[in-house]
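# Structural overview
For reference, the chains in residue letters:
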Amino acid sequence: MTDALKLLIQPLGQTIVMILASTLLATMFGGALGILLFALSNDHFAGGRRGSLIAKHVADRVINMLRSFPYVILMVLVLPLSRLIVGTSLGTTASIVPLSIAAIPFLARIVESSLSEVDSGVIDAAISCAASKRRIVFAILIPEALPSLVSGLTLTMISLLGYSAMAGVIGGGGLGDLAIRYGYQRFRGDVMAVAVVAIVVLVELIQFAGTALANRIRSSR
Amino acid sequence: MFHAERPEEAADQALIAQPSYHTPQRGDLFEPARAPFQNLSVSPQTSPPEVMRIDGISKAFGGPPVLHNISLSVPKGSIHGIIGKSGAGKTTLIRIAGLLEKPDSGSVWYEGIAAPVHLLRGRELLEARRKAGFVFQSFNLFASRSAAENVAFPLEAAGWPRAKIRGRVAELLELVGLSDKADRPAMHLSGGEKQRVAIARALANHPAILFSDEATSALDPETTRSVLDLIRSLRQMLGLTVIMVTHQMEVVRRTCDTVSVIEDGNFVEEGLVAELFANPRSDAAKAFLKEDRND
């Protein structure tokens, strides 16, 4: 059993690195994309114009396509891209690329829907305060939607934890890889159990932190 | 360009040609006999002497038109009511006048701005919006901000330095009687307090006009009265011009100097509030008066 716990250390670190790095990238790019999707369909921002309708349509198709790929296939498909971006198509670092690519459209949708849920009257009020569109997004919409954005980010991280279990396919390591290689292929039930428990604990921790943060923001209002 | 078809129109145009026509004064009322509501055909190059004027506004949202060729001009310092049933087009009208919506045709003019404001874009549009404060039925405060931070937002947007914002916010909260609630989260305020914060927020950038879209409809009768009294006293103190949309005759009676009755997207009656109460001409006005008496 201590042997199984020792085996856990490195994969646990790999999983955490994969999740944190891809969450960070997804927040940057997915967040920006989500704001763009919202702006393209909101009348005060860019909505209603012909160009916006077309851009929104194209973005919707691309996002839906990316989201409909089974992750294992997506991971293999973006191998050349990983090589281009991080210089290798193998290992933990390389697996951050497909994880981010899977999470970006996911988070973009979450951001889009969180921003759309902000009461249109609040947007009217911000408009009548003579604020620029950029200021309305960053000083009003994002703070107003913050509890919902935090919940969405929590959801994204937990999905990423699930996806990261497949990183073993491209030598990315992590807890899922440990469970498969030791627990399944080498009949080490104890390692399997330890890995699965570690994943469950991680999910619980992420969910607990996310819920606590969202509630804290809500209760301060 | 000027085709005077009626003698009073010719008189209007002669007056408009002279910029000294209207020296705005606090508490200024319309002349009862010849209210300046009637369609003024003014050359688009002339900036209006009124605080705000809309000319021949029409609007439809896909279906039948919500507003038909509506014109209105409001002199400085007056409180003008627009009363109508729900669906009459009053909210659309005030949203167009307050630059929250664009008309399909017609134009909106603000005092001191040479171009029709509904056509402005970018910085110029933001500058025009600073001349217009807007308060809403549902208050629309920012839940992520305290009372003081709500009031600060239009000042932040106008690029005020932080230190000056603090002073101005304190002044505004004092004006609406909420100095002691400055740090309360907006959602922890009562309805009346929320609307007071919303009024302070709307007044932050020293607007010339305050637009009120059913501002008291979500409030109980007593709070309604106190908010209406606040609006009247602000007009007195700040020389503000107020345009109020409502469906309650009581609001008009208590607060407004002049009133337009709107029905199916048309003004069916316009004039001094006292006249409307003494001698309503339209069926819509009569119905509102009857309802008011029954309350």
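Here the structure is a predicted model, which is why all the values come from computation and not from measurement.

What counts and how
Numbering of residues starts from 1 in each chain and follows the order in which that chain's sequence is written. Key to labels: chains lettered from A, ligands numbered from 1, both in the order written. Given that the model is predicted, a residue must reach a pLDDT of at least 70 before its local features are reported, and side-chain atom pairs must reach 80 or more before they are shown or counted; all residues, however, enter totals for whole chains, interfaces and linings. The side-chain figures draw on all heavy atoms in the structure; neither hydrogens nor water molecules are used. Type-normalised accessible area, obtained with a 1.4 Å probe on protein chains alone, sets the label of each residue: buried when under 20%, exposed when over 50%, and partly exposed for intermediate values. A run of DSSP states H or I qualifies as a helix once it reaches four residues; a run of E qualifies as a strand once it reaches two. Both are numbered from the N-terminal end. Two strands qualify as a pair provided DSSP detects at least 2 bridges between them. When the strands point away from the viewer, a crossover counts as right-handed if the path from the first strand over the helix to the second runs clockwise. Whether two residues are in contact is decided by their heavy atoms: any pair within 4.5 Å suffices. Axis angles are defined between N-to-C directions and span 0 to 180 degrees, where every axis is a line fitted to C-alpha atoms and, for a helix, only to the segment in contact. Grouping buried Ala, Val, Leu, Ile, Met, Phe, Trp, Tyr and Cys residues that are joined through side-chain atoms within 4.5 Å yields what is termed a nonpolar core. Every case where a carboxyl oxygen of Asp or Glu lies within 4 Å of a side-chain nitrogen of Lys or Arg is listed as a salt bridge. The term buried area refers to how much accessible surface (probe radius 1.4 Å) is lost by two components on association, counted for both of them together. Under the rule applied, a polar contact is a pair of N or O atoms within 3.5 Å (in protein, one hydrogen donor and one hydrogen acceptor; residues adjacent in sequence only if both atoms are side-chain atoms). Residues are sorted three ways: Asp, Glu, Lys and Arg are charged, Ala, Val, Leu, Ile, Met, Phe, Trp, Tyr, Cys and Pro are nonpolar, and all the rest, Gly among them, are polar. Pairing of aromatic side chains requires ring centres within 6.5 Å, counting the rings of Phe and Tyr and the six-membered ring of Trp. Pairs whose planes differ by under 30 degrees are stacked, by over 60 edge-to-face, and all others tilted. Each ring is checked for a lysine NZ or an arginine CZ that lies within 6 Å of its centre and within 35 degrees of its normal; such an atom marks a charge sitting over the ring.

Looking down a regular strand, the side chains alternate between one sheet face and the other. Residues and elements named next belong to chain B. By the criterion of burial, strand β7 (residues 241-246) is predominantly enclosed, with six of the six residues buried. The alternating pattern of β7 places Thr241, Ile243 and Val245 on one face and Val242, Met244 and Thr246 on the opposite face, and all of these are buried. Sheet analysis places strand β3 (residues 79-83) next to β7, joined by five bridges and oriented parallel. The residue of β7 that forms the bridge with Gly81 is Met244. Pairing geometry for strand β6 (residues 209-213) and β7, over five bridges, is parallel. Residue pairing across strands places Ile209 opposite Thr241, the latter belonging to β7. One crossover worth recording links β6 to the parallel β7 by way of helix α7 (residues 221-238), and it is right-handed.

Moving on, we come to the environment of Ala179 of chain A. Residue and element names in this part refer to chain A. Structurally, Ala179 can be placed in helix α8 (residues 175-185). With 115 residues separating them in the primary sequence, Ala179 and Asn64 have C-alpha atoms 31 Å apart. Excluding anything up to four places from it in sequence, Ala179 contacts Tyr184, Met192 and Ala195.

Let us now look at the environment of Val273 of chain B. Residues and elements named next belong to chain B. In this fold, Val273 is placed in helix α9 (residues 273-278). Classification of Val273 as buried rests on a relative accessible area of 7%. For Val273 and Trp160, which are 113 residues apart along the polypeptide, the C-alpha to C-alpha distance reads 40 Å. Setting aside its immediate chain neighbours within four residues, Val273 contacts Val252, Arg253, Cys256, Asp257, Thr258 and Val259.

Residue and element names in this part refer to chain B. Taking strand neighbours across the sheet as the criterion, the six strands line up as β5-β6-β7-β3-β8-β9 in an open arrangement whose pairing is mixed. Lying at the two open borders of the sheet, with one neighbouring strand each, are β5 (132-135) and β9 (266-272). On average, each strand axis in the sheet is tilted by 15 degrees relative to the strand beside it, whichever way the strands run.

Residues and elements named next belong to chain B. Within the open sheet, the three strands sit side by side as β2-β1-β4. Their pairing is antiparallel. Every other strand in the sheet has two partners, leaving β2 (65-74) and β4 (105-110) as the edge strands with one partner each. Pairwise comparison of adjacent strand axes, ignoring direction, gives a mean angle of 15 degrees for this sheet. Contacting β1 (52-60), β2 and β4, helix α2 (residues 90-97) crosses the sheet at an angle of about 125 degrees to β1.

All right, on to the nonpolar core then. Grouped together as the largest cluster of nonpolar side chains are 74 residues, with contacts concentrated most on Leu141 of chain A together with Met52, Ile54, Tyr110 and Phe211 of chain B. The leading source of residues in this core is helix α5 (residues 91-116) of chain A, at 10 residues. Discounting chain neighbours no more than four positions away, the residues touching Ile54 of chain B are Ile70, Ser71, Leu72, Leu93, Ala97, Ser107 and Val108 of chain B.

Per the counting criterion, the structure on display carries 23 salt bridges over all chains. Its salt-bridge partner being Arg188 of chain A, residue Asp190 of chain A comes within 3.1 Å of it at the nearest N-O pair.

Looking now at the interface of chain B and chain A. Listed as interface residues are 23 residues of chain B and, on the opposing side, 20 residues of chain A. Both faces combined, the contact of chain B with chain A buries some 1800 Å², and carbon together with sulfur accounts for 61% of it. The interface formed by chain B and chain A includes one salt bridge. Salt-bridge contacts for Asp124 of chain A lead to Arg95 of chain B; the nearest nitrogen and oxygen are separated by 2.7 Å. At the junction of chain B and chain A, the tally comes to seven residue pairs in polar contact (both at pLDDT 80 or more). Of all elements in the fold, only α3 (122-130), β5 and α4 (147-157) of chain B reach the threshold of two or more residues within the side of chain B that touches chain A. The element contributing the most residues to the side of chain B that touches chain A is α4 of chain B, with four residues. For the side of chain B that touches chain A, the per-class residue count stands at 13 nonpolar, four polar and six charged.

Our next topic: the packing of aromatic side chains. Taken as a whole and judged by the stated rule, the model has five aromatic pairs over all chains. Aromatic pair Phe134 of chain B and Phe211 of chain B: ring centres 5.8 Å apart, planes at 25 degrees, arrangement stacked. Linking Phe134 of chain B in strand β5 with Phe211 of chain B in strand β6, this pair joins segments that are 77 residues apart in sequence. Within the aromatic cluster, the residues linked to one another by ring pairs are Phe134, Phe136 and Phe211 of chain B. In this structure, Arg186 of chain A is placed above the aromatic ring of Tyr182 of chain A, and the distance from its NZ or CZ to the ring centre is 4.4 Å.

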